[in-house]
Amino acid sequence: MILEERKANTTSTPSNGGGSGSGNGDLEEISQPTVKKLRTEDGFTPTKTGEHSSSGCPTKGNNDIGSSAGGGESRRPNYELRYSLVGHKKAVSSVKFSPDGKWLASASADKTIKIWNALEGKFEQTLEGHSKGISDIAWATDSMYLCSASDDKSIRIWSINSGASIKTLMGHTNFVFCVNYNPQSSLIVSGSFDESIKIWDVKKELFHFFGVGQCMKTLSAHSDPVTAVHFNRDGTMIVSCSYDGVIRIWDTATGQCLKTLIDDDNPPVSFVKFSPNGKYILASTLDHTLRLWNYHSSKCLKTYTGHVNDKYCIFSNFSVTNGKWIVSGSEDKCIYIWNLQSKEIVQKLEGHSDVVLCVACHPTKNIIASGAIENDRTVKLWFDTT
């Protein structure tokens, strides 16, 4: 199931759009200093950037970037495997830490979600209710609720306390592939193989009056399956991406498309998310590349390469708890960690026996979670020992 869902449709033809401008590579603080429990306050100040390619993304070259205020940029991480979590019967499609850092949720093509102790790797419970495989999950801000996106065309909202599915959101006409809460946990955004984005009102007080959550807006977003959706830090914007090669930014309140980003080579975009401070966008594309965009200027500031990714929609992430890293799974069964500023691969984690489809970074501790597909089916927890 996940092999069908998270594997790109290589026969699709991306739509055309404007090219990315040339960027200066200068990055400001990406962390979210006003929310200490989620991100650290260490900043960094670039001093010199590398050369730029014609597509606007920096190429390899001199990139003498100043270290962060906390000294995180001069060190290398040393993540080591601590726990292998076994229990899923099919491919692991998504892993997410709860905002309070206590729990790790994993979703699978086996139709289940499993909840684990994030620090000890102990199994806690299994959430069951979907009739087909699950592609994505997301936590509410209070860490008490979880939503999931499934091939059964539904989104479910789960209570962690009871382990029950408390609401089902119906409306998509094809696989629901990606899902996320807004920071206030009053809205859910979902993306589907039906090429649309839906915004759902899931205010808790409405649950008493309606059998299901209410779909507020449906956006005809892309010309191919929608592969990722994410709110910015205040919930006023949504970023989406698709196999059509386009990244779009939407006004949450009006549903208006505010910006369209596209690389000159127009590769299918398999994953996208805002940086913690909402100023940048990290995008994974099916040409073995991650790109960091300044969406205000439509400039690609950084590219990260060295991993293998041309078939699957693999999650990537920012790690800002101790240093500034970019983290991604890979089709060569490894996890790659790059220095955000210099673009250097600073560590490659080996231990999975199949494609690493999903990664997540703990909100406050130096922990990475990963999950792999059919021949592996494990969730792994990696701890930084430095």
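Residues numbered from 1 in each chain as written. Predicted model: local features only at pLDDT ≥ 70, side-chain atom pairs only at ≥ 80, totals over all residues. Heavy atoms only, no water.

Caption draft 1: Just the overall build of the chain, in detail. Within the chain, the regular secondary structure consists of one helix and 29 strands. Per-residue burial for the chain yields a buried fraction of 61% across its 386 residues. (Helix = DSSP H or I, 4+ residues; strand = E, 2+ residues; numbered from the N terminus. Buried < 20%, exposed > 50% of the residue type's maximum accessible area, 1.4 Å probe, protein only.)

Caption draft 2: Main features of the sheet that holds strand 3 (residues 92–97). One open sheet holds the four strands; their spatial order is 3-4-5-6, and the pairing between them is antiparallel. Each edge of the open sheet is held by one strand with a lone partner, namely strand 3 and strand 6 (123–128). Strand-to-strand twist of the sheet, defined as the mean angle between neighbouring strand axes without regard to direction, takes the value 20 degrees. Pairing of strand 4 (residues 103–108) with strand 5 (residues 112–117) involves five bridges; the strand directions are antiparallel. Note that in strand 5 the partner of Trp103 across the bridge is Asn117. (Pairing = 2+ DSSP bridges. Axes fitted to C-alpha atoms, helices over the stretch in contact; angles between N-to-C directions.)

Caption draft 3: How the structure looks around unusual backbone geometry. Positive phi, normally seen in glycine, also occurs at Lys153, with a value near 75 degrees. Along the chain, Lys153 falls in the loop between strand 8 (145–150) and strand 9 (154–159). Its identity as a non-glycine residue notwithstanding, Asn266 has a phi of 55 degrees, on the positive side. Secondary-structure assignment places Asn266 in the loop between strand 18 (257–261) and strand 19 (269–274). In this structure Asn266 comes out as buried when scored by relative accessible area, which is 14%.

Caption draft 4: Expanded view of the nonpolar core. Leu104, Ile247 and Ile281 are the most contacted members of the largest nonpolar core, which totals 43 residues. Per-element accounting of this core gives the leading share, five residues, to strand 27 (residues 356–361). The residues contacting Leu104, other than those within four sequence positions of it, are Leu85, Val95, Lys96, Phe97, Lys114, Ile115, Trp116, Ala118, Ala369, Val379 and Leu381. Ala138, Cys147, Ile157 and Tyr181 belong to the second largest nonpolar core, which has 13 residues in total. (Core = buried A, V, L, I, M, F, W, Y, C linked by side-chain atoms within 4.5 Å. Contact = heavy atoms within 4.5 Å.)

Caption draft 5: Just empty space enclosed by the protein, in detail. Under the criterion given, the structure shown has one cavity of 30 Å³ or more. For the lining of the largest cavity, the secondary structure elements donating two or more residues are strand 20 (280–285) and strand 21 (289–294). A breakdown of the residues in the lining of the largest cavity according to their chemical character gives seven nonpolar, two polar and two charged. (1 Å grid on protein atoms, 1.4 Å probe; cavity = no way out; pocket = protein on both sides within 12 Å on 5 of 7 lines; lining within 4 Å. Points joined across faces, edges and corners; volume = space filled by probe spheres on them. Nonpolar A, V, L, I, M, F, W, Y, C, P; charged D, E, K, R; others polar.)

Caption draft 6: Layout of the environment of Thr386. Relative to the elements of secondary structure, Thr386 occurs in the segment after strand 29 (379–384). Spatially, the C-alpha atoms of Thr386 and Asn78 are 5.9 Å apart, while their sequence positions differ by 308 residues. Each residue touching Thr386, except ones within four places of it in the same chain, is listed here: Arg75, Arg76, Pro77 and Asn78. Of the polar contacts made by the side chain of Thr386, one reaches the side chain of Arg75; its length is 2.3 Å. (Polar contact = N/O pair within 3.5 Å; in protein donor to acceptor, adjacent residues only side chain to side chain.)

Caption draft 7: Molecular detail of the packing of aromatic side chains. Overall, the coordinates contain nine aromatic pairs when judged by the stated rule. Arranged with centres 6.0 Å apart and planes meeting at 80 degrees, the rings of Tyr83 and Phe383 form a pair that is edge-to-face. Of the two residues, Tyr83 is situated in strand 2 (residues 79–85) and Phe383 in strand 29; the sequence distance between them amounts to 300 residues. Overall, the relative accessible area of 9% leaves Phe383 in the buried class. An aromatic cluster of three or more residues is present, and its members are Phe175, Phe177, Phe193 and Tyr243. (Phe/Tyr/Trp six-rings, centres within 6.5 Å; stacked < 30°, edge-to-face > 60°.)

Caption draft 8: Expanded view of the side chain of His352. Residue position: His352 is located in the loop between strand 26 (345–350) and strand 27. Side chain to side chain, His352 and Ser370 meet in a polar contact 2.7 Å long. There is a polar contact of 3.1 Å between the side chain of His352 and the side chain of Asp376. Filtering out sequence-adjacent residues up to four positions away, His352 remains in contact with Lys333, Ile335, Ser370, Gly371, Ala372, Asp376, Thr378, Lys380 and Trp382.

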